[in-house]
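# Survey of secondary and tertiary structure
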Amino acid sequence: MRDPFRSICDDDLERRWIWISLILAFAMGGLLGLYAVASNIHPPSNVETIDSSRLHLTEEFAEDNLGVKENDDGSLTVTMVAARYGFFPPVIEVPSNTAVKFRIASADVLHGMHVPFTNAATMIVPGYISEINTRFPTAGKYSFLCNEYCGLGHDSMWSRLIVVPQSAQGK
Ligand code: CUA
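Now for a look at the structure at hand.

Before going further, it helps to examine the overall build of the chain. In terms of regular secondary structure, the chain is built from one helix and 10 strands. Reading the chain from its N terminus to its C terminus gives the helix and strand order α-β-β-β-β-β-β-β-β-β-β. For 171 residues, the compact-globule estimate of 2.2 N^0.38 gives 16 Å, and the C-alpha radius of gyration of the chain, at 22 Å, exceeds that figure by more than 25%. Principal-axis analysis of the C-alpha atoms places the extent of the chain at approximately 70 × 40 × 30 Å. Scored against the burial criterion, the 171 residues of the chain give a buried share of 35%. Restricting to contacts in the chain with at least 6 residues of sequence separation, those with at least 24 account for 60%. About 10,600 Å² of surface is accessible on the chain, with carbon and sulfur atoms providing 59% of the total. Both charge centroids of the chain, one from 13 positive and one from 19 negative side chains, sit 5 Å from each other.

Here we take up the pattern of salt bridges. For the structure shown, the criterion picks out six salt bridges. Across the pair Arg15 and Asp3 runs a salt bridge whose closest N-O atoms are separated by 3.1 Å. Placement of Arg15 in helix α1 (residues 12–38) and of Asp3 in the segment before α1 is noted, with a sequence separation of 12 residues between them. Put simply, Arg15 and Asp12 hold a salt bridge, and the shortest N to O gap is 2.6 Å. Note that Arg15 and Asp12 are positioned in helix α1 at a spacing of three residues, about one turn of the helix. Given a relative accessible area of 4%, Arg15 falls into the buried group. By relative accessible area, Asp12 is classed as partly exposed at 48%.

Structurally, Ala121 can be placed in strand β7 (residues 121–124). With 96 residues separating them along the chain, Ala121 and Ala25 place their C-alpha atoms 27 Å apart.

Its location among the elements puts Ser106 in strand β5 (residues 100–106). At 3.1 Å, the side chain of Ser106 forms a polar contact with the backbone nitrogen of Asp108. Contact partners of Ser106, with chain neighbours within four places excluded, come to Ser52, Leu55, Ala82, His111, Ile124 and Pro126.

The rules we used
- Residues numbered from 1 in each chain as written.
- Predicted model: local features only at pLDDT ≥ 70, side-chain atom pairs only at ≥ 80, totals over all residues.
- Heavy atoms only, no water.
- Helix = DSSP H or I, 4+ residues; strand = E, 2+ residues; numbered from the N terminus.
- Rg over C-alpha atoms; globule rule 2.2 N^0.38 Å.
- Buried < 20%, exposed > 50% of the residue type's maximum accessible area, 1.4 Å probe, protein only.
- Contact = heavy atoms within 4.5 Å.
- Areas by Shrake-Rupley, 256 points an atom, 1.4 Å probe, with all protein chains shown as cover.
- Lys, Arg positive; Asp, Glu negative; His and termini not counted.
- Charge placed at Lys NZ, Arg CZ, Asp CG, Glu CD.
- Salt bridge = Lys/Arg side-chain N within 4 Å of Asp/Glu carboxyl O.
- Polar contact = N/O pair within 3.5 Å; in protein donor to acceptor, adjacent residues only side chain to side chain.

This is the structure we're talking about:
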C-alpha cells in the first residue's frame, strides 16, 4: 500500500513519526473511551431549561416537594436545589443498589455536585435542570460536594448522602 503521507512528506523517518504520533493519539483516545465504559462514566445529557429565579414558584422545585420520592417502578427520584451555599434538602438517604435519578436546579449561580467514590458528578448550571441517573452499590455515608467555585462560601458547600443497605429498608 502506498503511504498516504508521501505526497506531503518525502522523508522516510519523518513519515514514520507521523504514523507513530497518529497511532499514539488514537490509542490514548481509545484508552479514554475504554476507561469511560469500564467505569460507567457518561456525560450528563439532559437538556431541560427552567427559570432559576422562580424555582420556588415551580411545582417540582418548591421547598415542600424537594427530597426523595419513590416511583411506581421502585426507582427513586431525588429533587434538589443548589443555592449559595448548600444543597437542599441537606441530607439525602437512599437505599443501595436502587436506580436513583437526581434532578437538581440552581437557584443562583453555577454550582457542581460530586459524590466522591461514585460516578455521580455534574455541573449545575443556572437555567437548566441537571439530571443524573445512577445507583450506589456500596452502603455508607458519602459527602455531596459542590465542585464549581461559586463564591466565598464555596468551601463549605457540601451535604450528606447516606446510602443504607437495601435490606435495611424493609421494602
Ligand atoms: Cu456551590 Cu461551589
